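Observations on the three-dimensional arrangement
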Amino acid sequence: QVQLVESGGGLVQPGGSLRLSCAVSGYIVSDNVMGWYRQAPGKEREFVAAITWNGINLGYADSVKGRFTISRDNTRNTVSLQMNSLKPDDTAVYYCNLHQTGRPYWGQGTQVTVSS
């Protein structure tokens, strides 16, 4: 069984920064992709960023390019999302995603609120 647990969300003022982390446990294969998605109120879940098991960045959503950075630590089975220059439009529940053996796994989500 695979479990993903996100942490690091919270309330931040516009222009501020947050760092999200996701710890993965259970059966993990080496050939996987990890990423972050987000869902704002009344909107569909959307892709934010993804990274392969060997550290190749698979891209960012246009809305976060230049502000967010994804990274992973395979020794600790974690993936992180550094979010800088946050905007109110970044307010959403952020979900960690692991894709392996042909299926996705999701965390429970962590709330990020950008507001003054």
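The structure contained in this document is the topic of the report that follows.

Cut-offs and rules
- Residues numbered from 1 in each chain as written.
- Predicted model: local features only at pLDDT ≥ 70, side-chain atom pairs only at ≥ 80, totals over all residues.
- Heavy atoms only, no water.
- Helix = DSSP H or I, 4+ residues; strand = E, 2+ residues; numbered from the N terminus.
- Contact = heavy atoms within 4.5 Å.
- Buried < 20%, exposed > 50% of the residue type's maximum accessible area, 1.4 Å probe, protein only.
- Pairing = 2+ DSSP bridges.
- Axes fitted to C-alpha atoms, helices over the stretch in contact; angles between N-to-C directions.
- Core = buried A, V, L, I, M, F, W, Y, C linked by side-chain atoms within 4.5 Å.
- Phe/Tyr/Trp six-rings, centres within 6.5 Å; stacked < 30°, edge-to-face > 60°.
- Lys NZ or Arg CZ within 6 Å of the ring centre and 35° of its normal.
- Salt bridge = Lys/Arg side-chain N within 4 Å of Asp/Glu carboxyl O.

Our focus in this paragraph is unusual backbone geometry. The backbone of N77 shows a phi angle near 55°, a positive value even though the residue is not glycine. Within the fold, N77 resides in the loop between β7 (68–73) and β8 (78–83). You will see that S85, though not glycine, has its phi angle at about 50°, which is positive.

Take the environment of S7 next. Structurally, S7 can be placed in strand β1 (residues 2–7). Excluding anything up to four places from it in sequence, S7 contacts R19, L20, S21 and T110.

Another point: the pairing of β1. Only one face of β1 is buried, namely the one carrying V2, L4 and E6, since none of Q3, V5 and S7 on the opposite face is buried. In this sheet, strand β3 (residues 18–26) lies alongside β1 in antiparallel orientation, the contact comprising 6 bridges. Counterpart to E6 in the pairing with β3 is C22.

To continue, consider the sheet that holds β1. Pairing in this open sheet of 4 strands is antiparallel, and the strands run β1-β3-β8-β7 from one edge to the other. Two strands lie at the open edges of the sheet, namely β1 and β7, each paired on one side alone. When the angles between neighbouring strand axes are averaged without regard to direction, this sheet yields 15°.

With 28 residues, the main nonpolar core has W36, L81, M83 and Y94 as its most contacted residues. When contributions to this core are tallied by element, the ones reaching two or more residues are β1, β3, β4 (33–39), β5 (46–52), β7, β8, β9 (92–100) and β11 (110–114). Here M83 is in contact with G16, S17, L18, L20, R67, F68, Y94 and V112, once residues within four sequence places are set aside.

Following the criterion strictly, the structure yields 2 aromatic pairs and no others. Between the aromatic rings of Y37 and F47, the centroid separation amounts to 5.6 Å while the plane-to-plane angle is 80°, which identifies the pairing as edge-to-face. Note that Y37 is positioned in strand β4 and F47 in strand β5, a separation of 10 residues in sequence. Since its relative accessible area comes to 23%, Y37 is described here as partly exposed. On the basis of relative accessible area, F47 is assigned to the partly exposed category, the value being 29%. Ring geometry for Y37 against W106: centres 5.0 Å apart, planes inclined by 75°, an arrangement best described as edge-to-face. Note that Y37 is positioned in strand β4 and W106 in strand β10 (residues 103–106), a separation of 69 residues in sequence. Through pairs of rings, three or more aromatic residues link up here, namely Y37, F47 and W106. When the ring centre of W106 is taken as reference, the NZ or CZ atom of R45 above it lies at 4.6 Å.

Enumeration over the complete set of coordinates arrives at 5 salt bridges. For E46, the salt bridge identified is with R38, shortest N-O distance 2.7 Å. With relative accessibility at 5%, the residue R38 sits in the buried group. Put simply, R38, E46, R67 and D90 are held in one network by salt bridges that share partners.

In short, geometric facts, not functional conclusions.
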